[in-house]
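# Structural features, examined
Okay, here's what each chain looks like letter by letter:
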Amino acid sequence: MPLLEVKNLQVRVDDREILHGLSLTVNQGEVHAIMGPNGSGKSTLSHVIAGKPGYEVTGGEILFKGEDLLEMSPDARAAKGVFLAFQYPVEIPGVATMTFLRTALNAQRKARGESEFSTPDFLKKVRAVATSLNIPQDMLRRGVNVGFSGGEKKRNEILQMALFEPSLCILDEMDSGLDIDALRVAADGVNALRSSERAMVVITHYQRLLNYIVPDFVHVMSKGRVVKSGDKELALELEASGYAQFEDVAA
Amino acid sequence: MNMVLAKTNGGLALGEAFALASPRLPGTGKVAERRQQAFEAYERIGLPHRRIEEWKYTDLRVLMREVLPLAAAPDTAALARASAALKLHAIDGARKLVLVDGVFAAKLSDLSEPEQGLGIRTLREVLEAGDTALQAELFAPDLSNPMVALNSAMMTDGLIVDVADRAALKQPLHIVHIASGAVPAAMFTRSLLKVGKAASATLVESFIAAEGVGTYQAHDSLLVSIGDDARLDHVRLIEDSREAFNISSSVVTLGSHAHFNTFGMTSGCSVSRYQAVIVVAGEGSHVETNGVNLLNGRQHGDTTLFLDHAVPHCTSREIFRAVLDDRSHSVFQGRINVRPSAQKTDAKMMTRALLLSDEAEADNKPELEIFADDVTCGHGATTGSLDESLLFYLRARGLSEKQAQALLIQAFVGEAIESIVDDNLRELAIAAASRWLAARS
């Protein structure tokens, strides 16, 4: 059974249809890149998979491990193993990062019927992950993402990914706002989490990111549909020729 | 026995009610005369209503309708119920001073081995046999406010606490008001705290009820003077029963280079009003006054602060947060007065309300009256709902809707709670907020 099956998905925001019948199949252990120009619906797809309010699904379905994902609340999806790394992680003043991480991890474990982590076990786990990502302890004491640089915010997303151990990671424009060094650190973090049990969907506008996170498959989106799929060579082709050719295809 | 003290019942009934209660009120002679004057002052206006500007949003004629009869002195059963309630709210290491149904309960209190420089008496003692100067001080508050006047007329008991010059109390004083709830009744308490020069003290006030208690009225007032170079940390937690009324007033006066840090949180009561007058009367003093209202159902919570900057070179900070669910109603009126001579005053006030329901109402009324020309003053007020993007972020990480809301509500009130310096007291306030959050849904 595929991990994720998006079948003929149609999505509206207000009165405008953004996705016009998008299909995508992702199996365990695969890394898929979704590329496309601005406004092609890449982020909409990631939001709909994570369950963000404000999107109306007018047709099609999303199956995750064979279950209807669209019927689940965002927190139920997280507990099932869906993780969205946000393009713009929000700042939450007054909520300490550690409190947030522990509440989230235990909520997911509880929803799965697993025992909650004890405080020492939790601290040990966070420290180990933070160290591997070069995240200083004082960052964990601050409010969630408050005063973090762009790179720190992205690393905090990867920290959560490592901590929650999801089976599907969707990385929404992880490269936006990062310089090349920050990008490399973030990509190393992601690569460390690649495994045969976990799939990733890497959404990006630029091919650059795919030099660091090398995908198994590349899909090109335009105007709410996947217009071309291929292997990693497709990304290089796009880098050379741009998106214009695909806009013609979609039109 | 009909002892209704509302204006609406006519002058005769009112006077009779006061006359009936009088024999049970401590003090004779001059004290009784002052009570009579105070009662007459109350009678002229009666329960305040919306046509009185200060009470525009808290119309007691509509919300409270009547003043209940004076509570009976607690019997053994009442003290036992109070004692059980006290266990939940006791603070480790604090000195408990307990008032049950408006009467000091020595058995539940801790009067043993007072620290050096700490003096504790009851209001009853002082009114019955105390010195006349102190009695006069107890009647000093302005009778033009009808609820202060009623409290002056009816005050039955309370604590008179002296902290000697240069005494630094290590142990917080914890005044606990407990309603035992035998029958619906009103209690009238007044306490006085004098913090001597270069002294320091911590005062916590809790208003609670025994289990299963319904309606009652707590009428309280607190008079505080903070001497030169002295410091008072003050926390009040209003966790009265959901059918209770709490009408409290305080008058605080600061000397020079004094520091007053006060935090109040209201999560209980059907209707509550806290009116505080803070007079900064000595140069170089600093006031931090912070508060939180956590309301749901049809609760009504009113905090009305008047901060009077009378002298130069003083600073004040007010942070107020209200979290409102269902059809609750929060009122915050904060007035800062900067007198002509109070140059170099630095006063700031910020009030924010968080509405969790379309039917909740927040009235924020910050007012600045500045008569000096070299000052830094500012105020702000905002009202909004929980940020959807933050809620989604938390839910995408596995938090349920209620958990996500609770975390954001805690963060919202956190800025005000963080102002409490003492770790234990801050934990106490956080625990009270958590109890409110846990009771939601």
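Above this text you will find the structure in question.
Here the structure is a predicted model, which is why all the values come from computation and not from measurement.

## With respect to the overall build of chain A
- Of regular secondary structure, chain A possesses 10 helices and 12 strands.
- Over its C-alpha trace chain A gives a radius of gyration of 18 Å, about what one expects of a compact globule, namely 18 Å for 251 residues.
- In terms of overall dimensions, chain A has C-alpha extents of about 55 × 40 × 35 Å along its principal axes.
- Once the 28 positive and 33 negative side-chain charges of chain A are each reduced to a mean point, those two points are 5 Å apart.

## A look at the packing of helix α2 (residues 30-45) of chain B against helix α7 (residues 146-154) of chain B
Residues and elements named next belong to chain B.
- Axis separation between α2 and α7 bottoms out at 7 Å; the angle between their running directions is 150°. Considering the angle they form, α2 stands roughly antiparallel to α7. Between α2 and α7 lies a crossing whose hand is left-handed. Facing α2, whose interface residues are Arg35, Ala38, Phe39, Ala41, Tyr42 and Ile45, α7 presents Pro146, Met147, Ala149, Leu150, Ser152, Ala153 and Met154.

## Considerations on the interface of chain B and chain A
- The partner chain A presents 30 residues to the 15 residues of chain B that form the contact.
- In this assembly, chain B packs against chain A so that about 1,800 Å² is buried in total across both faces, 72% of it on carbon and sulfur atoms.
- The largest share of the area that chain B buries against chain A comes from B:Phe392, B:Tyr393 and B:Arg397, three residues that together contribute 45% of it.
- The tally of links between chain B and chain A comes to seven residue pairs in polar contact (both at pLDDT 80 or more).
- For the side of chain B that touches chain A, the secondary-structure elements that each account for two or more residues are α8 (388-396) and α9 (401-417) of chain B.
- Tallied by class, the residues present in the side of chain B that touches chain A amount to nine nonpolar, four polar and two charged.

## A word on the nonpolar core
Residues and elements named next belong to chain B.
- Core analysis: the largest hydrophobic core is formed by 115 residues, its most contacted members being Phe263 and Met265.
- The residues contacting phenylalanine 263, other than those within four sequence positions of it, are His234, Val235, Arg236, Leu237, Asn290, Gly291, Val292, Ala416, Ile417, Ser419, Ile420 and Ala429.
- The next biggest cluster of nonpolar side chains, apart from the first, holds 49 residues, and it includes Leu169, Leu193, Ala258 and Leu295.

## Comments concerning the sheet that holds strand β16 (residues 329-338) of chain B
All names here are of chain B.
- In space, the nine strands of this open sheet follow the order β3-β4-β6-β8-β10-β12-β14-β16-β18, with mixed pairing throughout. Of all strands in the sheet, those with a lone pairing partner are β3 (118-122) and β18 (361-370), marking the two edges. Strand-to-strand, the axes of this sheet are offset by a mean angle of 10°, without reference to chain direction.
- Bridge count for strand β10 (residues 245-254) against strand β12 (residues 271-280) is 10 bridges, and the pairing is parallel.

## Notes on helix α4 (residues 76-89) of chain B
Residues and elements named next belong to chain B.
- Taking 1.5 Å of rise per residue, the 14 residues of α4 would be expected to cover 20 Å, and the 20 Å separating its terminal C-alpha atoms lies within 8% of that figure.
- Among the residues making up α4, those that are buried are Ala78, Ala82, Ala85, Leu86 and His89. Considered in projection along α4, the buried side chains sweep an arc of 110° and stay on one side of the axis. Across α4 from its buried face, at more than 90 degrees, point the exposed residues Thr76 and Lys87.
- Among the structural elements, β1 (95-100), β5 (173-179), β7 (200-209) and α10 (423-439) are those in contact with the buried residues of α4.
- Its side-chain oxygen placed 3.3 Å from the backbone nitrogen of alanine 77, aspartate 75 serves as the N-cap of α4.

## Comments concerning the sheet that holds strand β9 (residues 168-172) of chain A
All names here are of chain A.
- Strands sit in the order β6-β9-β10-β3-β11-β12 across an open sheet of six strands; the sheet is mixed. Edge positions in the sheet fall to β6 (82-85) and β12 (225-230), since each of these pairs with one other strand and no more. On average, adjacent strands in this sheet sit at an angle of 20° to one another, irrespective of strand direction.
- Where strand β3 (residues 31-35) and strand β11 (residues 217-222) come together, four bridges link them in parallel fashion. Counted as the bridge partner of isoleucine 34 is histidine 219 from β11.

## Regarding unusual backbone geometry
- Its identity as a non-glycine residue notwithstanding, A:Glu173 has a phi of 45°, on the positive side.
- Note that A:Glu173 resides in the loop between β9 and α7 (180-192).
- Judged by relative accessible area, which is 9%, A:Glu173 ranks as buried.
- Here the phi dihedral of B:Asp326 falls at roughly 55°; this positive angle occurs in a residue that is not glycine.
- Within the secondary structure, B:Asp326 sits in the loop between β15 (315-324) and β16.
- By relative accessible area, which is 35% here, B:Asp326 ends up partly exposed.

## Considering the packing of helix α3 (residues 97-111) of chain A against helix α6 (residues 150-164) of chain A
All names here are of chain A.
- At a minimum axis separation of 11 Å, α3 and α6 run at an interaxial angle of 35°. Regarding α3 and α6, the two cross each other, and that crossing is right-handed. In contact with Thr97, Phe100, Leu101, Ala104, Leu105 and Gln108 of α3, α6 contributes Asn156, Leu159, Gln160, Leu163 and Phe164.
- Of the residues contributing to the contact of α3 with α6, the split by class is seven nonpolar, four polar and no charged.

Cut-offs and rules
- Throughout this document, residue positions are counted from 1 along each chain, in the order its sequence is written.
- Each chain gets a letter, beginning with A, and each ligand a number, beginning with 1, in the order they are written.
- Side-chain atom pairs in this predicted model are given and counted only at pLDDT of 80 or more, local residue features only at pLDDT of at least 70, and totals for whole chains, interfaces and linings cover all residues.
- To obtain the side-chain values, all non-hydrogen atoms of the structure were used and water was disregarded.
- In this description a helix means any DSSP run of H or I spanning at least four residues, a strand means any run of E spanning at least two, and both kinds are numbered starting from the N terminus.
- Values of the radius of gyration come from C-alpha atoms, whereas the globule rule sets the reference at 2.2 Å times the count of residues to the power 0.38.
- A residue counts as positive if it is Lys or Arg and as negative if it is Asp or Glu; His and the chain ends are not included.
- In this description, the location of a charge corresponds to atom NZ of lysine, CZ of arginine, CG of aspartate or CD of glutamate.
- Convention adopted: a line fitted to C-alpha atoms gives each axis, helices being fitted over their contacting stretch, and angles between N-to-C directions are expressed from 0 to 180 degrees.
- Note on terminology: angles under 35 degrees are roughly parallel, angles over 145 are roughly antiparallel, angles of 65 to 115 are roughly perpendicular, and the others are oblique.
- Handedness of a crossing is defined here by the sense of rotation of the near helix relative to the far one, left-handed for an anticlockwise turn of less than a right angle and right-handed for a clockwise turn.
- What makes two residues a contact is simply this: any of their non-hydrogen atoms within 4.5 Å.
- Buried area is a sum: the accessible area each of two parts loses on coming together, probed at 1.4 Å, counted once for each and added.
- Residues adjacent in sequence count toward polar contacts only when both atoms are side-chain atoms; beyond that, a polar contact is any pair of N or O atoms within 3.5 Å, and within protein one must be able to donate a hydrogen and the other to accept it.
- Residue classes follow a fixed rule: Ala, Val, Leu, Ile, Met, Phe, Trp, Tyr, Cys and Pro count as nonpolar, while Asp, Glu, Lys and Arg count as charged, and any other residue, Gly among them, counts as polar.
- We define the nonpolar core as a collection of buried residues of types Ala, Val, Leu, Ile, Met, Phe, Trp, Tyr and Cys that are connected through side-chain atoms lying within 4.5 Å of one another.
- Whether a residue is buried, partly exposed or exposed follows from its accessible area with a 1.4 Å probe, protein chains only, as a fraction of its type maximum: under 20%, in between, or over 50%, in that order.
- Strands are labelled as partners when DSSP assigns at least two bridges between them.
- To estimate how far a helix should reach, multiply one less than its number of residues by 1.5 Å.
- The directions considered for the arc are those from the helix axis to the C-beta atoms.

So, to be careful, I would describe these as geometric facts and stop short of saying anything about function.
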